Amino acid sequence: MGLLHGEVTAGILRVFREVHDELRHGHPEVIYQRAMVIALADAGFAVAREVDVAVTFRGRVIGRGRLDLVVNDLVVLECKVARAVELEHVGQLLGYLKATNYEVGLVLTFGRRPDQKRVVFRRLASRSAASASPHTFATKLLPSSHPSLPAVVGVLTISDRATSGVYEDKSGPAIQSVLTRWIASPWEPVYRLVPDEQPLIEAALRELADDLHCALIVTTGGTGPSPRDVTPEATVAVCDRLLPGFGEQMRAVSVKTVPTAILSRQVAGTRGSSLIINLPGKPAAIEECLGAVWAAVPYCIDLIGGPRLLFSAEAPAPFRPTSA
Ligand SMILES: Nc1ncnc2c1ncn2[C@@H]1O[C@H](COP(=O)(O)OP(=O)(O)OP(=O)(O)O)[C@@H](O)[C@H]1O
Ligand SMILES: Nc1nc2c(c(=O)[nH]1)N[C@H]1C(S)=C(S)[C@@H](COP(=O)(O)O)O[C@H]1N2
């Protein structure tokens, strides 16, 4: 069996040697980092710099960290100026992997000679954990599709003003109250409130999907055209796949009551076994938009491997094809 993300790490190491050959030793860390970004991009990799991540403990966010470089959203890179990779470098990277959803990292040292170490932290319930490896460390994370656990539903409010206390968040509670009326099987909400900052929205979505295994994540706010509205961008960035029909349908239904509904750029998509749906910020939009797409939600969650949700008679009737 090949190494986890082995092709990506092999490609990164080729680029690392090229960069070392060109720059040699003697530069500060940041120079090597910038050169790696350019060389990785030239080699066709997607490189994210200074990735803001939430550090979680027992399912709660307890701090934030910053990863130097993440390649193809799979491999975390730590570039150091040192003679060789040291135990502390490995320990630091392992800490980042444990605190985030990434499983593979590389420490690269730029000294007289290049040195490298591959660090792996496997999770039982991760997106890429198709099979066990000798590096598997069993964490207590279990997906919410586990039959004995209630489904977890993430409610994420994105609002500068609610975060800073200008007004009280009414839309997050509105989502929770609609879902309380509609979902009949056991479930529990997890609520998060963040300002209109793309890295914070992405971190919250990743935490809800990857660490808390939400079957469904409903966001509210930040979908409009003003400069600080970036919820759709954050959602697109974390999703494996987009489901354009959801946004189209929500706008089509909303525009019958409010002409400005076309201003919402709301999207939906999947990340692993989580369905993510954006709703506009206005409390009045919540039930209208969720109602517009609800019939397709349970079957979508079935298809992506989430728990089988049951709905109350009050909910818009779910539709599952007869073959399902
Ligand atoms: N979470 C919320 N709770 C209560 N009311 C809200 C919320 N979000 C939006 N609204 C209401 O909808 C109006 C229009 O929202 P707007 O589109 O400007 O908000 P946003 O961009 O989603 O959030 P913000 O501007 O706070 O970052 C607001 O003036 C407010 O009255
Ligand atoms: N159903 C519904 N959709 C709606 C609205 C609404 O009141 N009801 N407001 C619209 C308006 S005025 C805006 S600016 C956009 C974006 O809102 P957001 O930035 O709060 O997400 O959602 C639109 N969609």
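Just above sits the structure.
Keep in mind that what you see is a predicted model, and the values were worked out from it rather than measured.

Peer 1: Give a detailed account of the overall build of the protein chain, specifying residues and quantitative values.
Peer 2: Scanning the protein chain for helices and strands turns up ten helices and eleven strands. In the protein chain, which comprises 324 residues, the share counted as buried stands at 48%. For the protein chain, the exposed area adds up to about 15,700 Å²; of that, 57% sits on carbon and sulfur atoms.

Peer 1: Requested: an account of the pairing of strand E4 (residues 104-110), with residues and values cited.
Peer 2: For E4, the tally of buried residues reaches seven of seven residues, placing the bulk of the element in the interior. Of the two faces of E4, both are covered, the one formed by Val104, Leu106, Leu108 and Phe110 as well as the one formed by Gly105, Val107 and Thr109. Of the strand pairs in this sheet, strand E3 (residues 75-80) and E4 are connected by six bridges, and their pairing is parallel. Directly across from Val76, in E4, lies its bridge partner Gly105. With helix H3 (residues 87-99) bridging E3 and its parallel neighbour E4, the resulting β-α-β unit is right-handed.

Peer 1: An account of the packing of aromatic side chains is needed here, citing residue identities and associated values.
Peer 2: Tallying each qualifying case throughout the model produces four aromatic pairs. Here the aromatic rings of Trp182 and Trp294 are separated by 5.2 Å at their centres, their planes lie at 55 degrees, and the arrangement is tilted. With Trp182 in helix H5 (residues 171-182) and Trp294 in the loop between helix H9 (285-293) and helix H10 (297-303), this pair connects stretches of sequence that are 112 residues apart. Take Trp182: its relative accessible area is 3%, and that puts it in the buried class. Overall, the relative accessible area of 0% leaves Trp294 in the buried class. Their ring planes at 80 degrees and their centres at 5.2 Å tell us that Trp294 and Phe311 sit as a pair that is edge-to-face.

Peer 1: Please give an account of the site of ligand 2 that cites residues and values.
Peer 2: Taken together, 16 residues surround ligand 2, and among them Thr223, Gly224, Ser254, Gly281 and Glu288 come closest. In the environment of ligand 2, an oxygen atom lies 3.3 Å from a nitrogen or oxygen atom belonging to the backbone of Gly222. Residue Gly281 places a main-chain N or O atom 2.9 Å away from an oxygen atom belonging to ligand 2. When ligand 2 sits alone it has 530 Å² of accessible area, and the protein chains cover 83% of it. No other element matches H9, which puts three residues into the shell around ligand 2. A breakdown of the residues in the shell around ligand 2 according to their chemical character gives five nonpolar, eight polar and three charged.

The rules we used
Residues numbered from 1 in each chain as written. Chains lettered and ligands numbered in written order. Predicted model: local features only at pLDDT ≥ 70, side-chain atom pairs only at ≥ 80, totals over all residues. Heavy atoms only, no water. Helix = DSSP H or I, 4+ residues; strand = E, 2+ residues; numbered from the N terminus. Buried < 20%, exposed > 50% of the residue type's maximum accessible area, 1.4 Å probe, protein only. Areas by Shrake-Rupley, 256 points an atom, 1.4 Å probe, with all protein chains shown as cover. Pairing = 2+ DSSP bridges. Right-handed = clockwise from strand over helix to strand, strands pointing away. Phe/Tyr/Trp six-rings, centres within 6.5 Å; stacked < 30°, edge-to-face > 60°. Near = heavy atom within 4 Å. Polar contact = N/O pair within 3.5 Å; in protein donor to acceptor, adjacent residues only side chain to side chain. Nonpolar A, V, L, I, M, F, W, Y, C, P; charged D, E, K, R; others polar.

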